[in-house]
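# Structural characterization, general
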Amino acid sequence: MTGSNQTPLLLRAAQGQSVERPPVWMMRQAGRYMKAYRDLREKYPSFRDRSEIPEVAIEVSLQPWKAFKPDGVILFSDIVTPLPGMGVGMDVAEGKGPVIDEPIRSQAQIDALTTLNPDESMPYIRKILGALREEVGNQSTVLGFVGAPWTLAAYIVEGKGSKTYSVIKHMAFSQPEMLHSLLSKIADNIAIYVQHQIDCGAQVVQLFDSWAGQLSPQDYRTFALPYQQQIVRQVKATHPDTPLILLVSGSAGVLEMMGESGVDIVSVDWSVDMADARRRLGPNMMVQGNVDPGVLFGSKEIIRDRIIDTVRKAGSKGHILNLGHGILPGTPEENGAYFFEAGKQVNELLAAAV
């Protein structure tokens, strides 16, 4: 690709270039709020089928692209997808999320974990990402994504989603060496997976440490940050030019530490005002976000005003417009469409709002 006009908008923004407007995409943009997705789910009720049969995953990934032409098209997958390739059996239960066959509670189980070989355990990833790049060309940026070590460890140790994280916190505070060995193994494997996604066609990769916001700041520094850094260090050694994004849910208390992870872009949730996030992260850190997904249940005027507010506070450079987390099931599809429409017209909206 030569020349900025050949490089898609989101990728240019993520590389720190000045761009004509903030690029816009939405987390979980392929999903339950779209009728096309719900129709496909009737035919393929298993989430793993939808995400692991290449032609189905490609279709799901492209549904929002065909409907709304976002600036980012993200691989349809789950953060637990690589676990079987590491020796952790799992399934994704509809409406409940990941369920681990045998939760890890001992050092022997950790020692038995294997090194990920993505082409062997997840051959569909190469096919999906390759097809997405071919389909969108230079009109959009293809994003990959992975789970970060603390969040994956929480699933592996708890055995499923949790509200209290009491099992993994019990391990953290009674057997920290054991947990550290698990986190380090996960980090090495996820670094391999990020490198693989980039080699298969992902132009930007987002790390989801969704549950790290459940840690106190001191425990985030101990159990989350070092392993985010371990991944970033290994990926940047082989793929220095691929932008990395980090998301943590409920991140207000750990925002500055997210900036220490080594990623290029911090995804800010709606618990922090964007102007405050910019100030706290400093002028050199790019940001993504941070519209409350609940706003999309409101009127077009409310959606428009929140987009204007967010873009204005984020400033003219180094911002990717997004929600603070995934779009919620039940969101009116026309409101999702308007989010993209208003995002693409934000310069005109800003001028009109002055």
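What you are looking at is a predicted structure, and each value in this text was computed from that prediction instead of being measured. (Residues numbered from 1 in each chain as written. Predicted model: local features only at pLDDT ≥ 70, side-chain atom pairs only at ≥ 80, totals over all residues. Heavy atoms only, no water.)

The next subject is the environment of G213. One can find G213 in the loop between β5 (204-208) and α11 (217-223). With relative accessibility at 24%, the residue G213 sits in the partly exposed group. In this structure, the C-alpha to C-alpha distance between G213 and L255, residues 42 residues apart in sequence, is 9.6 Å. Ignoring sequence-local partners within four residues, the contact set of G213 consists of V248, S249 and G250. (Helix = DSSP H or I, 4+ residues; strand = E, 2+ residues; numbered from the N terminus. Buried < 20%, exposed > 50% of the residue type's maximum accessible area, 1.4 Å probe, protein only. Contact = heavy atoms within 4.5 Å.)

It is worth spelling out the packing of helix α4 (residues 54-68) against helix α7 (residues 123-136) at this point. Two elements in contact, α4 and α7, have axes separated by 9 Å at closest approach and are oriented at 35 degrees. Helix-helix and strand crossings are classified by hand; for α4 and α7 the assignment is right-handed. Residues P54, A57, I58, S61, L62, W65 and K66 of α4 touch α7, and the partners they reach there are Y124, K127, I128, A131, L132, E135 and V136. Split into classes, the residues belonging to the contact of α4 with α7 amount to ten nonpolar, one polar and three charged. (Axes fitted to C-alpha atoms, helices over the stretch in contact; angles between N-to-C directions. Left-handed = near helix turned anticlockwise from the far one by under 90°. Nonpolar A, V, L, I, M, F, W, Y, C, P; charged D, E, K, R; others polar.)

Counting buried residues along strand β8 (residues 286-291), six of its six residues qualify, which places the element largely inside the surrounding structure. Note that strand β7 (residues 265-268) and β8 share four bridges and pair parallel. If you follow V266 over to β8, its bridge partner there is V287. Traced from β7 through helix α14 (residues 274-281) to β8, the parallel crossover comes out right-handed. Pairing of β8 with strand β9 (residues 319-323), which is carried by five bridges, proceeds in the parallel orientation. (Pairing = 2+ DSSP bridges. Right-handed = clockwise from strand over helix to strand, strands pointing away.)

If you check helix α16 (residues 333-344), its first and last C-alpha atoms are 17 Å apart, about what twelve residues at 1.5 Å a residue would give, namely 16 Å. Along α16, the residues classified as buried are N335, G336, Y338, F339, F340, A342 and G343. Check the buried side of α16 and you find it contacts α4, β8, α15 (300-314), β9 and α17 (346-353). (Expected span 1.5 Å × (residues − 1).)

With that settled, consider the packing of α7 against helix α10 (residues 176-200). Packed helix pairs are specified by the crossing angle of their axes together with the interaxial distance, meaning the distance between the axes. Relative orientation of the contacting elements α7 and α10 amounts to 45 degrees, with a least axis distance of 8 Å. If you check the angle between α7 and α10, you find them oblique. Judged by the twist between their axes, the crossing of α7 over α10 is right-handed. Note on element contacts: α10 touches α7 through Y193, H196, Q197, D199 and C200, opposite I125, R126, L129 and G130. (Parallel < 35°, antiparallel > 145°, perpendicular 65-115°, else oblique.)

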